[in-house]
Amino acid sequence: MSKTFDLFRRDFVKYFVIFAIAEVVIGLATLFANSVVQLPAIPTNTTDLSWVPGYLTALFELYFIIEVATLIVIPIAEGSAIKMAAEAIEERTVTLGASVRFALTKLVGLWAVSLVVGVIVVLGLVALIVPGIILAIMFCLALPALLLENTGILASLGRSRELVGHRWGKTFAAFLVLGLIILVISVVVTLLSSLFGGAGPVVSGFLSAFYEPIFPIALTVYFFSNRARITPPPQAGQVPMGYGPTLQSGMKFCPNCGTQLAASATFCANCGAKQPM
């Protein structure tokens, strides 16, 4: 949690900009949908159900417009945030434009993984709720695996399961706390945006950009943490010793794989191992 909020503070403006744009687009799409799709009035005579097909059709059209906009912009924002957080963790320059372009190249994969995980989790929740929670935990790191390790769709699901293995309780507790924090903030945002009447969706989206980056940043931090945990011990001769490469000023070697890193690096850019400070 500490690392997540530290990264969020360091590059707050960049995270805010990408999510503000995404949420404003969704808000505008919501306003547009409400202006072009009119839901039929529900008659007081409940025995007459002739209104149901028309109402359901209009409702589908309304949510279809909103969901299409959401499906396009939110994966881009989340993928960009994951990439920016990874760059910060690896002590590289965090560039908003480059991160957005990277997310765009992975957009199809982001859609596919989000859809597969979403369907699996929903089916699990419908079954007995608990299986849905277990599946959500199991595949929570699929997106970072897809983006940061360049894995395929199914491989990213397997990688997430591998990374979360033996840390089910900690993973659940971490994301439960994070979820509660986000829930409280979102309730406050909803109440504030309701004061703006018809412009509420746009205002809500703009305010949501203040907290929505937290979740993908947390996913990225947890991904690096778990990857470092399961990294195999170094082979003999991997770590530079004796007459190895000259250490530059302000640099250090990863004790796990020998990669030269900035002295302030938290994780190794090569193997993901957590670095002693």
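As the structure is a prediction and not an experimental result, all values here were calculated from the model.

**Student:** So, helix 9 (residues 168-193): which residues are in play, and what are the values?
**Tutor:** For an α-helix, the turn length of 3.6 residues means that residues three or four places apart are oriented alike. When the terminal C-alpha atoms of helix 9 are compared, their 36 Å separation across 26 residues agrees well with the 38 Å that a helix rising 1.5 Å per residue should span. Within helix 9 the residues assigned to the buried category are Thr 171, Phe 175, Leu 178, Ile 182, Ser 186, Val 189 and Ser 193. Here the buried face of helix 9 lies against helix 6 (130-138), helix 8 (153-164), helix 10 (200-208) and helix 11 (214-230).

**Student:** An account of the nonpolar core is requested, with residue identities and associated values reported.
**Tutor:** Counting residues in each nonpolar core, the largest one holds 44 residues, and the members touching the most others are Leu 7, Tyr 15, Leu 141 and Ile 217. Contributions of two or more residues to this core are made by helix 1 (2-10), helix 2 (12-36), helix 3 (52-89), helix 8, helix 9 and helix 11. In terms of residue count, the dominant contributor to this core is helix 3 (ten residues). When near neighbours in sequence (up to four residues on either side) are disregarded, Ile 217 contacts Thr 4, Leu 7, Phe 8, Tyr 15 and Ala 85. The next biggest cluster of nonpolar side chains, apart from the first, holds 13 residues, and it includes Leu 110, Val 117, Leu 143 and Leu 147.

**Student:** Give a description of the confidence of the model for the protein chain that names residues and reports values.
**Tutor:** Overall, the predicted model of the protein chain reaches an average pLDDT of 84, with 88% of residues at or above 70. By mean pLDDT, the top-scoring element of the protein chain is helix 7 (residues 142-148) (94), and the lowest-scoring one is strand 1 (residues 251-253) (70). In this model residues 239-247 is a low-confidence stretch, pLDDT under 50, and it forms twelve contacts with partners more than four residues away in sequence or in other chains.

The rules we used
Residues numbered from 1 in each chain as written. Predicted model: local features only at pLDDT ≥ 70, side-chain atom pairs only at ≥ 80, totals over all residues. Heavy atoms only, no water. Helix = DSSP H or I, 4+ residues; strand = E, 2+ residues; numbered from the N terminus. Expected span 1.5 Å × (residues − 1). Buried < 20%, exposed > 50% of the residue type's maximum accessible area, 1.4 Å probe, protein only. Contact = heavy atoms within 4.5 Å. Core = buried A, V, L, I, M, F, W, Y, C linked by side-chain atoms within 4.5 Å. pLDDT = per-residue confidence, 0-100.

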